[in-house]
Amino acid sequence: MSQRLQDIMTRQVATVQPHQSLEEAAKIMNDYNVGAVPVVENGQCVGMITDRDIAIRASAQNRDSQTPVRNVMTHNIVTAPAQMDIHEAADLMAKHQIRRLPVVDNNQVVGIVALGDLAVQNIYQNEAGAALSDISQNDPAQG
């Protein structure tokens, strides 16, 4: 029987709202020791904000720490349902070159899966490695 995202996802997901400041988002990331936080408005996932977004986008646009998250977050993000097969999720992450996948059911964030979550599942190490390889080869930050 195949495993589903709900079997390995992190259920306690820190989130931020679009109107919150970059400073608040960075503090949440620091408090939870994460590098990305889903942006949630009215219970729905409307984007993601990463430590890289804050460091690169905000800095490149001369934004200060009180800039709203909505101004630098990534819009139109890829999400997956909790019932998605882990192999499908790994393929989805590789295809879209993403390291973190918000898990959404009924338009609500119910969890998040990172490449590392896939890698700790021994039978999924190949997919996670392939996904990371695809992402790293195309990631300008790796350059």
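Check the entry above for the structure.
One structure accompanies this document, and this report is about it. (Residues numbered from 1 in each chain as written. Predicted model: local features only at pLDDT ≥ 70, side-chain atom pairs only at ≥ 80, totals over all residues. Heavy atoms only, no water.)

## Things to note about the side chain of Asp85
With respect to the secondary-structure elements, Asp85 resides in the loop between helix H3 (51-60) and helix H4 (86-96). No salt bridge forms around the buried Asp85; measuring N to O, its nearest opposite-charge neighbour Arg4 is 4.2 Å away. From its side chain, Asp85 meets the backbone nitrogen of His87 in a polar contact 2.8 Å long. (Helix = DSSP H or I, 4+ residues; strand = E, 2+ residues; numbered from the N terminus. Buried < 20%, exposed > 50% of the residue type's maximum accessible area, 1.4 Å probe, protein only. Lys, Arg positive; Asp, Glu negative; His and termini not counted. Salt bridge = Lys/Arg side-chain N within 4 Å of Asp/Glu carboxyl O. Polar contact = N/O pair within 3.5 Å; in protein donor to acceptor, adjacent residues only side chain to side chain.)

## Description of the side chain of Gln20
Checked against the element boundaries, Gln20 lands in the loop between helix H1 (5-8) and helix H2 (22-32). By relative accessible area, which is 16% here, Gln20 ends up buried. Polar side-chain contacts of Gln20 include one of 2.8 Å to the backbone nitrogen of Gln17.

## Points about the nonpolar core
Residues Leu5, Leu101, Val113 and Leu118 are the most contacted members of the largest nonpolar core, which totals 18 residues. Residue assignment for this core shows that the elements contributing at least two residues are H1, H4, strand S3 (100-105) and helix H5 (115-119). It is H4 that provides the largest number of residues to this core, a total of five residues. In contact with Val113, not counting residues within four places along its chain, are Leu5, Ile8, Met9, Met93, Arg99, Arg100, Leu101, Val103 and Leu118. Among the nonpolar cores identified, the runner-up in size contains 14 residues, and Met29, Ile54, Ala58 and Val72 belong to it. (Core = buried A, V, L, I, M, F, W, Y, C linked by side-chain atoms within 4.5 Å. Contact = heavy atoms within 4.5 Å.)

## A few points about H2
Buried residues of H2: Leu22, Ala25, Ile28 and Met29, and no others. The arc that holds every buried residue of H2, seen down its axis, measures 120°, which confines them to one face. The outward face of H2, more than 90 degrees from its buried face, is lined by the exposed residues Lys27 and Asn30. Those residues of H2 hidden inside the fold are in contact with strand S1 (36-41), strand S2 (44-50) and H3. In the segment just after H2, Asn33 is the residue with positive phi, at about 55°. (Arc of directions from axis to C-beta.)

## Comments concerning H3
All buried positions along H3 are accounted for by Asp53, Ile54 and Ala58. The arc enclosing the buried residues of H3, seen along the axis, measures out at 95°, which places them on a common side. In H3, the exposed positions angled more than 90 degrees off the buried face are occupied by Ala55 and Ala60. On its buried face, H3 is in contact with H2 and S2.

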